[in-house]
Number of protein chains: 6
Amino acid sequence: MEFYLSPSTLTPATVRPTGRSTTELRPLSIEVGYTRHAEGSVLIKAGDTHVLCNASVLEKVPPFLKGKGQGWVTAEYGMLPRSTHTRSDREAARGKQSGRTQEIQRLIGRSLRAVFDLTALGERTLQLDCDVLQADGGTRCASITGAWVAAAIATRGLLEQGLVASNPLRDHVAAVSVGLVDGLAVLDLDYIEDSGCGADMNVVMTGAGHFVEVQGTAEGQTFDRKALDELLDLARDGIVQLIAFQKQALG
Amino acid sequence: MEFYLSPSTLTPATVRPTGRSTTELRPLSIEVGYTRHAEGSVLIKAGDTHVLCNASVLEKVPPFLKGKGQGWVTAEYGMLPRSTHTRSDREAARGKQSGRTQEIQRLIGRSLRAVFDLTALGERTLQLDCDVLQADGGTRCASITGAWVAAAIATRGLLEQGLVASNPLRDHVAAVSVGLVDGLAVLDLDYIEDSGCGADMNVVMTGAGHFVEVQGTAEGQTFDRKALDELLDLARDGIVQLIAFQKQALG
Amino acid sequence: MEFYLSPSTLTPATVRPTGRSTTELRPLSIEVGYTRHAEGSVLIKAGDTHVLCNASVLEKVPPFLKGKGQGWVTAEYGMLPRSTHTRSDREAARGKQSGRTQEIQRLIGRSLRAVFDLTALGERTLQLDCDVLQADGGTRCASITGAWVAAAIATRGLLEQGLVASNPLRDHVAAVSVGLVDGLAVLDLDYIEDSGCGADMNVVMTGAGHFVEVQGTAEGQTFDRKALDELLDLARDGIVQLIAFQKQALG
Amino acid sequence: MEFYLSPSTLTPATVRPTGRSTTELRPLSIEVGYTRHAEGSVLIKAGDTHVLCNASVLEKVPPFLKGKGQGWVTAEYGMLPRSTHTRSDREAARGKQSGRTQEIQRLIGRSLRAVFDLTALGERTLQLDCDVLQADGGTRCASITGAWVAAAIATRGLLEQGLVASNPLRDHVAAVSVGLVDGLAVLDLDYIEDSGCGADMNVVMTGAGHFVEVQGTAEGQTFDRKALDELLDLARDGIVQLIAFQKQALG
Amino acid sequence: MEFYLSPSTLTPATVRPTGRSTTELRPLSIEVGYTRHAEGSVLIKAGDTHVLCNASVLEKVPPFLKGKGQGWVTAEYGMLPRSTHTRSDREAARGKQSGRTQEIQRLIGRSLRAVFDLTALGERTLQLDCDVLQADGGTRCASITGAWVAAAIATRGLLEQGLVASNPLRDHVAAVSVGLVDGLAVLDLDYIEDSGCGADMNVVMTGAGHFVEVQGTAEGQTFDRKALDELLDLARDGIVQLIAFQKQALG
Amino acid sequence: MEFYLSPSTLTPATVRPTGRSTTELRPLSIEVGYTRHAEGSVLIKAGDTHVLCNASVLEKVPPFLKGKGQGWVTAEYGMLPRSTHTRSDREAARGKQSGRTQEIQRLIGRSLRAVFDLTALGERTLQLDCDVLQADGGTRCASITGAWVAAAIATRGLLEQGLVASNPLRDHVAAVSVGLVDGLAVLDLDYIEDSGCGADMNVVMTGAGHFVEVQGTAEGQTFDRKALDELLDLARDGIVQLIAFQKQALG
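What you are looking at is a predicted structure, and each value in this text was computed from that prediction instead of being measured. Here the residue numbers are simple positions, counted from 1 along each chain's written sequence. Written order determines the labels here, with chains lettered from A and ligands numbered from 1. A pLDDT threshold of at least 70 governs which residues receive local features in this predicted model, and a stricter bar of 80 or more applies before side-chain atom pairs are shown or counted, although totals over entire chains, interfaces and linings include all residues. The basis for every side-chain value is the complete set of non-hydrogen atoms in the structure, without hydrogens or water.

Observations concerning the interface of chain A and chain F
Filter applied, for reference: Residue contacts follow a heavy-atom distance rule, with two residues in contact if any of their heavy atoms lie within 4.5 Å. The term buried area refers to how much accessible surface (probe radius 1.4 Å) is lost by two components on association, counted for both of them together. Whenever Lys or Arg places a side-chain nitrogen within 4 Å of a carboxyl oxygen from Asp or Glu, that contact is recorded as a salt bridge.
Taken residue by residue, the interface counts 37 residues in chain A and 37 residues in chain F. Both faces combined, the contact of chain A with chain F buries some 2,900 Å², and carbon together with sulfur accounts for 48% of it. For the chain A face of the interface with chain F, the top three residues by lost area are His37(A), Arg82(A) and Arg90(A), together amounting to 26%. Inspection of the region where chain A meets chain F yields 14 salt bridges.

Comments concerning the relation of the copies chain B and chain A
Stated precisely, the cut-off is as follows: Copy-to-copy superposition: least squares on the C-alpha atoms, limited to residues that have pLDDT of at least 70 in both copies.
Its rotation angle being 180°, the transformation that places chain B on chain A also includes 0.0 Å of axial translation and leaves an RMSD of 0.0 Å. Here the two chains are linked by the operation of a two-fold rotation axis. The rotation axis passes nearest to the C-alpha of Gln215(B) in chain B, at a distance of 2.3 Å. Residue by residue, 100% of the interface of chain B is reproduced at the interface of chain A, so both copies engage with the same surface.

Here we look at the sheet that holds strand β5 (residues 125-134) of chain D
Residue and element names in this part refer to chain D. Our working definition: In this scheme, strands are said to pair when DSSP sees at least two bridges between them. A run of DSSP states H or I qualifies as a helix once it reaches four residues; a run of E qualifies as a strand once it reaches two. Both are numbered from the N-terminal end. Axes here mean lines fitted to C-alpha atoms, for a helix over just the part in contact, with angles spanning 0 to 180 degrees between N-to-C directions.
Read from one edge of the open sheet, five strands run β1-β2-β3-β5-β4, paired in mixed fashion. In this open sheet, the two edge strands, each paired with only one partner strand, are β1 (28-32) and β4 (72-79). Recorded for the sheet is a direction-independent mean angle of 20° between the axes of neighbouring strands. In the sheet, strand β3 (residues 49-58) pairs with β5 via nine bridges, with the strands oriented antiparallel. Along β5, the bridge assignment pairs Cys53 with Cys130.

Brief notes about the pairing of strand β2 (residues 40-46) of chain E
All names here are of chain E. Our working rule: Buried residues are those whose accessible area, probed at 1.4 Å on protein chains only, stays under 20% of the maximum for their type, while exposed residues exceed 50% and partly exposed ones sit between those limits.
Counting buried positions over the seven residues of β2 gives six, a clear majority of the element. Sheet topology places β2 next to strand β3 (residues 49-58); seven bridges connect them, and they run antiparallel. Bridging across to β3, Val42 finds its partner in Cys53. Count of turn residues in the β2/β3 antiparallel hairpin: two residues, of which Gly47 carries a positive phi of about 60°.

Here's the deal with the interface of chain B and chain A
Worth spelling out the cut-off: Gly falls in the polar group here, along with every residue not listed as nonpolar (Ala, Val, Leu, Ile, Met, Phe, Trp, Tyr, Cys, Pro) or charged (Asp, Glu, Lys, Arg).
Counting residues at the interface gives 26 residues for chain B, matched by 26 residues for chain A. When chain B packs against chain A, close to 2,500 Å² is buried across both sides, 48% of that on carbon and sulfur atoms. Where chain B packs against chain A, one counts six salt bridges. For the salt bridge of Glu103(A) with Arg106(B), the shortest nitrogen-to-oxygen distance reads 2.7 Å. If you list the elements that add at least two residues to the side of chain B that touches chain A, you get α2 (99-113), β9 (211-218) and α6 (225-250) of chain B. For the side of chain B that touches chain A, the leading source of residues is β9(B), giving eight residues. Residues that form the side of chain B that touches chain A fall into these classes: seven nonpolar, 10 polar and nine charged.

What to know about the pattern of salt bridges
Residue and element names in this part refer to chain E. Taken as a whole, this structure holds 112 salt bridges over all chains when the rule is applied. The closest approach of N and O atoms between Glu193 and Arg16, which form a salt bridge, is 2.8 Å. Here Glu193 is found in helix α5 (residues 191-196), whereas its partner Arg16 is found in the segment before β1 (28-32), with 177 residues between them in sequence. Accessibility expressed as a relative area gives 5% for Glu193, which makes it buried. The salt bridge involving Asp136 is made with Arg26; its shortest N-O contact spans 4.0 Å. Residue Asp136 is found in the loop between β5 (125-134) and α4 (139-160), and its partner Arg26 is found in the segment before β1; the two are separated by 110 residues along the sequence. Under the relative-accessibility criterion, Asp136 is labelled buried at 13%.

Notes on the sheet that holds strand β6 (residues 173-181) of chain E
Hydrogen bonds along the backbone pair up the strands of a sheet, which may run parallel or antiparallel. Pairing is antiparallel in the open sheet, where eight strands are placed in the order β7(E)-β6(E)-β8(E)-β9(E)-β9(F)-β8(F)-β6(F)-β7(F). In this open sheet, the two edge strands, each paired with only one partner strand, are β7 (184-187) of chain E together with β7 (184-187) of chain F. Across the sheet, the mean angle from the axis of one strand to that of its neighbour is 15°, orientation sign disregarded. Examined bridge by bridge, β6(E) and β7(E) share four bridges and lie antiparallel to one another. Note on β7(E): the bridge partner recorded for Val178(E) is Leu187(E).

Re the packing of helix α4 (residues 139-160) of chain D against helix α6 (residues 225-250) of chain D
All names here are of chain D. Stated formally: Crossings are assigned a handedness: left-handed for a near helix turned anticlockwise from the far helix by less than a right angle, right-handed for a clockwise turn.
Packing of α4 against α6 brings their axes to within 10 Å, and their N-to-C directions diverge by 35°. Pair α4 / α6 crosses with right-handed handedness. Contacts from Thr145, Trp148, Val149, Ala152, Ile153 and Arg156 in α4 reach Leu242, Gln246, Ala249 and Leu250 in α6. For the contact of α4 with α6, the class distribution of residues is seven nonpolar, two polar and one charged.

Examining the packing of aromatic side chains
Rules: Classification of ring pairs rests on two measures: the distance between centres of Phe, Tyr or Trp rings, Trp counted by its six-membered ring, which must be within 6.5 Å, and the angle between planes, read as stacked under 30 degrees, edge-to-face over 60 and tilted in between.
A full pass over the atoms with the stated rule returns 12 aromatic pairs over all chains. With a centroid separation of 5.7 Å and 35° between ring planes, the pair formed by Phe223(C) and Phe211(D) is classed as tilted. Of this pair, Phe223(C) sits in the loop between β9 (211-218) and α6 (225-250) while Phe211(D) is found in strand β9 (residues 211-218), placing the two residues in two different chains. Just as Phe223(C) is buried, Phe211(D) falls in that class too.

Topic: the nonpolar core
We count it as follows: Only buried Ala, Val, Leu, Ile, Met, Phe, Trp, Tyr and Cys residues count toward a nonpolar core, and they belong to the same one when joined by side-chain atoms within 4.5 Å.
Within the largest apolar cluster, 145 residues are counted, with the highest numbers of intra-cluster contacts made by Leu112(C) and Leu112(D). Those residues in contact with Leu112(D) that lie beyond four places of it in its chain are Val73(D), Leu128(D), Ile144(D), Ala147(D), Trp148(D), Ala151(D) and Val173(D). Of all hydrophobic cores here, the second largest spans 143 residues; its members include Val61(E), Met201(F), Phe211(F) and Ala218(F).

With respect to the UniProt feature "domain: Exoribonuclease phosphorolytic" (unreviewed entry) in chain A
All names here are of chain A. The condition is simple: UniProt positions are given in the numbering used here, feature names are shortened, and annotations may be inferred rather than shown by experiment.
The residues that UniProt annotates with the feature "domain: Exoribonuclease phosphorolytic" (unreviewed entry) are residues 24-154 and 173-237. A helix fraction of 30% and a strand fraction of 31% characterise residues 24-154, whose end C-alpha atoms lie 30 Å from each other. Secondary structure across residues 173-237 comprises 29% helix and 45% strand; the distance between its end C-alpha atoms is 14 Å.

In structure tokens form, the structure reads like this:
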């Protein structure tokens, strides 16, 4: 796997409450082997957002893929009730997952599938569980970035055990949020920034610099094409750095 | 309400299975007053995609807005079981809405709220029900475009009855899908094109030409910045036409 | 299929709020081919009650019929949230179908099965979806009357494709409501009449003039045998007319 | 409360598997005070069908009746899992009540309300719980007949305690099934007869001989008006006897 | 089956509200054959606590036991809504079983399995349904004691029909509650005592005098080892008597 | 808070697969402040069992305590899907909590309430969330032991902020499992030992050496009084050590 992303020439500004510049990611750490049962287990920390990403290899596929000679990659997402500033209801106790939860886990699944060769995976499922232990904005992006590392460890295991002939993982994938805060484009929003921003965008990108998902949403303030372009540039710079962290985590 | 959108200079190509050019919308019709109980009722047909959009004015707000002096705009979405090529399960019978349904109805609600002045609406809810009678791709976009018309009729009624002092609806909003089919950017995908496309994007835009939502997804094929830019141009052209239809439907 | 029903000699009275006589049906229309994916699709309008009836042919049977050499006919019913005067909750969002909904869809299924030769149908299911687009009383009766037409179109298709050797549909079936309003027996109640009536009855009858279902309910006022007899006569007259409309709709 | 029902002159025939004549009820017993907490508690046995009917007086009304100066009568119905020949799933474990259960409990509630003066009841609810301990056909009819006795005991208690000024119970109500078995009209079907009958009807009638509910259903065989008339006569004779049992049970 | 339990030498004290001594069980009766469809049916009455225990023989096993050459014993538990002093919600209507219900039915299942030879049972399930008709404390203990008798009748039937080669039931099992009321250890708490006790314990024991389950819970007052020892002695004495009743009920 | 527990004189044996003696706890660590939003946050590790225990102070009480001048302590429990050797279904996705989950969270809540002065807590709820990040047996015991520390930190906060006048926490509480493995009593079972043990017991005890809960269960092998006594002694020794760890964690 080679990677082609190189940084843009955006000018950083330092006007953020936490002292970060507009083009700066939060401190990032990726701890591999955080739990011991999963085939790939990663604790990713993006500032105060901590997500445990576990990859499980299941020797079965969903019904619609039975006998089709290919595998599946899917994800589930959850937040611990007190990962948030004020306690949220436990979804298991309420008896259903919120629309937000379902939207996020569908996004994680699609993002990871975009860099997988499902035929090379064989008739098995790579199940990704992203559980937020502590939340401070950007949990879906941290989940995707961390889940990729967990998936890479799990597929490396499949290769080492000879269960797959070639690596089903074709490229990196990582995600970052960008947004307009007081008219200024900023990278990697924390919770306070996210709450106050006029528009935000989650960008999922491969190591080759291609988009997998672009989800921009006006939060009370619509945005024009120029702002959109600036946000996309900013996101790209963030992705470059995130992918470097992923490589480093894998050793 | 004035509108600033003017068409781009994209060159149309006629290579689509149905004979449409790459820059051409499906035949569109918007029938107002389709049912009689709703405060605004619209049947929108975008080719073979038919969605009944009903706007209800409810004299109540959700708990989190009680006593805050503002209103709310929200949406629900559903597909009749046999709106699709093969029959789908009825969500009421299965006992829950799918992740897709929840994702779409959240998108419709956000899109409409982006052009509403919730304070001008007063302490009431505008509830939008988008029910797909027949589906042939692009149901979420048709829902947004049609729901705007239903909302406009309902708010016009509020104005006429003197229930609101000023129009809470500040601008148009409409949505269209664009996608890459065999590497070619095409506008307003039908079901066949949607199934076969490498990447698609739903774009929600105001009459002022600002983005409300941009949701691009790689379906098996990631896309670069150049393709993204072309898709955004194409979408903008579609929105210009859709908003013209909305104006005409309102008379 | 021959039909034996001939009208009774009831004397009409014109005392109803809408100007209809006591023995007069609401204006009825049956539009076939309303949607394009279903094997049979009918929009039936009985006054302001509009129901979309779709018949789907599914090449499977419920588990209890597997391998028994016969088919099944079943129905589901729903009301769009704003089909009613004030908006009702969406059953898919509430997560369950009401007792009323289940009662109605069981009634529709039983009524249709009564005129089907399930062995002639073969090991397949005819699934009827009756969705109320606009409600003004009598939705279950309109559903049955319309579903029969949708079913007839679907079975005609099976015959034309040679999938069944003989017509599994043995007779017409139609339904109408009758009730006591201020002591007077009236035919085909609309919502206002239904709300104010002392007793009402839904009668489901075949083209041969036989009963399939008789469901009479005292709504605040019990009724004697004489009143019951008069209601049954009135219903029969309504059924005669409904079946004539069904024949006409099939061309 | 006076009662006007007198028997018809139907000719009994003795052709039933159990030796009963066509016009004969199953052995009936009504044991009052079966459990001690309920305000009215009755174990009714109609042959091998045993239903425990408990009436609870709740000092509250449903939301839609709050402050309206009247009460409510409602019912719930259940079958113990092994009340049936083969064990049925427990509805509490499955997480929902079947359509059949809901249909029956709605019928019981309507039937009882038909003989109640809800204003005389005051702002309280009479909650009837009908739980089938052993089933052999006719459980909904036994439930209604037994629930009336439980309700009568509970309202007697209200009168004795001076909680109501006048008796809110205005008349008896009882229910019986009739059906066509091999073309012959028979009274009070047991499970075997019910399974094999061509058409059956549940009739709910007051002490004054008025109908509350008439629910006739063709089970594979439609029926004409003459058969319907005979079934109604037969049902009336059964109700006469059931009401005599109710009077006797109350002492 | 032989039994080894003999009474302890605890000194009874007569200080209980109902006149029972501290070491005295409530009047117990076990009526076999209470309903007719179940393979074993028992109505057990421990004072005012009445539980109907039905044992069903199902010719299937849960998925995790398929093809393993052994059977399964499991239980479900329910309370009729008005078995209690004030009416409880019906779990089937609420759509789920409470935590308490699930805890109790898991306890009943484990208790019975402890005395079963599941291999001797063969590939079938003994399903125990314990439904409380009237509650006055100690329903889980009465359920276990009664379910054992129902199970014994059902397995006797299997032996008589030659469906099992040897008796899969290896020993008696019975249960009783004990508790500290005002510092005094008492046997077989009724509802009033249970509500007021500082600590209670449910003890499940075999005929051989071995423990199957010991569940002691401080209810507002923790307890020391000495109190625990006294409660265990007391429970043992109760079990001796309960097993004698079981033997007598089986005849 | 003073503590009276002193160790017993049990003789340790070293026969366990992991090299631990029969009377030896797994390596224990309690990390306070693991997450930052909760009022008390503790990661407890008992060998390979890792549980995140968060205590939230909620300024509300359940409905049944409104206006009663006292608070409430309650708990919820969950396992991350891949905390286990093979992946378990996510309860939020399945739509309900298992019976086991409910049993455990009820146990945790009762155990903590036993050492709380709910009046001193005031009208607020201490909500404990115990989420298993990695499981290797004994998760409910680790949850209780860890939840106590989280609760102690949260109540210390209440004291420091002057929100409570006196400490509502009256004593320590901790829990440990003991079991019979191959006839030998062993302390603090890990998953392998738990799977293979004949009987196990969870003991919850206060700092004063009093029992809060004793839950002994025969797993395939019943146990006599002598074994029970030995298990209780062993548990007591474990609790002594656990409470020492709790004290140390609080500093």
